[in-house]
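# Per-entry structural report
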Amino acid sequence: MNTEPNPRPEPVIRPIQESEWDRWIEVDEEAFGADFGPARRDRFKAVTEFERSLGAFDGDRLVGTAGGLSFTMTLPGGPRPVCGVTAVCVLPSHRRQGILSRLMRRQLTDLHEGGEPVALLYAAEAAIYGRFGYGRAADSLFFHIPRRGSEFAPHAPNDPGLRLRVVRPAEARADLEKVFEAVMPSRPGLYARGPAMWDAVLADDEEARRGRNSLRCVVAEDDAGPRGYALFRIKPSFTEHDVPDGEVQVDDLFGVDPAAYALLWRHVLDRDLCSRVFARNRPVDDPIIHLLAEPRALNAGWLDELWARVVDVGRAMPYRAYSAPVDVVIDVADPVCPWNAGRWRLSADTTGATCERTGDPADVELPVDVLGAAYLGGRALGAFLSAGVVREVRPGAVRALSAAMQWETRPWGGLIF
Ligand SMILES: CC(C)(COP(=O)(O)OP(=O)(O)OC[C@H]1O[C@@H](n2cnc3c(N)ncnc32)[C@H](O)[C@@H]1OP(=O)(O)O)[C@@H](O)C(=O)NCCC(=O)NCCS
């Protein structure tokens, strides 16, 4: 008689039905240890695409989730459709049983069979996604800037035709959208914000405030219209000696030109009764670095930002533009998506690119996550060579590939999804 216990059946992975959404989001609440209020749930549901929202089912229990969002994101060369991966969670009772791995494989297979060639995500922890072929494609800086010592350098632009308008954020929504749409194509990683995303940016309920005061907005404009905006919150405080000690926390700040950008930063740095600014997620080439007379006043810290997955090497590599001509054979290692593995000839110049299967010998050997890390243009490949992650077969090939893939403006998504 067989006394072995029955092996646990493998969970079924399939897209959820709309009627299963509440259970789907409850897995996220449990896994993140979060309580999503009704407003946040509504915003989340409004962006959910049910046919690409996967659930892992243990019997009839939903135990894991992974969502896909149809985004238009600026890549090197211009905005393109990509897949934004979100709501990746496994119930604490089912963790470390391979459920995330199954969800990731299914999602990548679906994309391969009929979706966008590139997927992007924000990682809750940086150790999770490398094993699934995602590479750290963008970084962000956070700044703690004391008001005292935050003077601008003499070269900081100043346009007397510009003025500031203090306005309730919701009333300025059309201006904010106009500014963002003008800025979006200028930086890889920025992605179009649909109505529900703007609702999230402008959300001002208790959950969005997280102990801070209400969302504030200032628009920089001239007679022709808006040229920039800052969204921020103030955490008021006074020292025991009654010295004002508030903190301005910047949520979103964009300018369509240098003078508008400088004016907005000056505004948040100079708010009365505040002694400092905390800006949580800024690009690594933020112009504020060059505006301050003393850049050490930034007190900057560094974090990973967007992670990118080249789903299909053959489709993804010609999908973006290149900064310099290159002709290299790359030998890609990709155990998760075997359709990518092997040799490809990437031929590109500043007018276009092809990437095709080849039997020619490899110039560079690299794992697919390095292609993801370099995909948005923010990585020099020499560092991967020095770290032993990439192998150069033909001398000079890594440098050529690196020069072609890097982009002048550093990538940055700017808004967690
Ligand atoms: C992170 C999470 C989705 C992992 O799900 P899971 O089903 O336990 O993952 P798997 O069992 O498929 O793990 C696959 C591999 O990833 C590793 N791994 C999983 N989560 C990890 C983490 N947070 N840090 C480091 N390694 C991790 C596992 O150890 C395993 O490694 P192995 O293949 O060498 O054995 C789950 O723990 C979770 O929901 N956490 C809370 C919410 C969260 O952080 N979600 C991610 C949002 S971006």
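Because the structure is predicted, anything quoted here is derived from the model rather than measured.

Looking at where R266 falls in the secondary structure, it is placed in helix α7 (residues 258–269). Measuring from C-alpha to C-alpha, the distance between R266 and V364 comes to 47 Å, with 98 residues separating the pair along the chain. If sequence neighbours within four positions are ignored, R266 has contacts with S150, E151 and F152.

Our next topic: the pairing of strand β7 (residues 139–146). Here four bridges tie β7 to strand β13 (residues 301–304), and the two strands are oriented antiparallel to one another. Pairing of L141 across the sheet is with W302, part of β13. In this structure, β7 lies alongside strand β12 (residues 274–283), joined through six bridges in antiparallel fashion. Note that in β12 the partner of F143 across the bridge is A279.

A separate point is helix α1 (residues 21–32). In an α-helix, one turn spans 3.6 residues; hence positions three or four apart end up facing the same way. Taking 1.5 Å of rise per residue, the 12 residues of α1 would be expected to cover 16 Å, and the 17 Å separating its terminal C-alpha atoms lies within 8% of that figure. The set of residues buried in α1 consists of W21, W24, I25, V27, D28 and E29. Of the surrounding elements, those touching the buried residues of α1 are α2 (38–47), β2 (53–58), β3 (61–75) and β4 (78–90). Of the residues trailing α1, G33 is marked for its positive phi of about 65 degrees.

Before going further, it helps to examine the pattern of salt bridges. Considering all chains together, one arrives at 38 salt bridges under this definition. Ionic pairing is found between R163 and E221, a salt bridge with its closest N-O pair at 4.0 Å. Placement of R163 in strand β8 (residues 163–167) and of E221 in strand β9 (residues 216–222) is noted, with a sequence separation of 58 residues between them. On the accessibility criterion, E221 (11% relative accessible area) is buried. One salt bridge in this structure joins D245 and R276, with 2.9 Å as the shortest N-O distance. Of this pair, D245 sits in the loop between β10 (225–235) and β11 (246–255) while R276 sits in strand β12, placing them 31 residues apart in sequence. Residues participating in the shared-partner salt-bridge network are R163, R165, D175, E221 and D223.

What counts, and where the lines are drawn
- Residues numbered from 1 in each chain as written.
- Predicted model: local features only at pLDDT ≥ 70, side-chain atom pairs only at ≥ 80, totals over all residues.
- Heavy atoms only, no water.
- Helix = DSSP H or I, 4+ residues; strand = E, 2+ residues; numbered from the N terminus.
- Contact = heavy atoms within 4.5 Å.
- Pairing = 2+ DSSP bridges.
- Expected span 1.5 Å × (residues − 1).
- Buried < 20%, exposed > 50% of the residue type's maximum accessible area, 1.4 Å probe, protein only.
- Salt bridge = Lys/Arg side-chain N within 4 Å of Asp/Glu carboxyl O.

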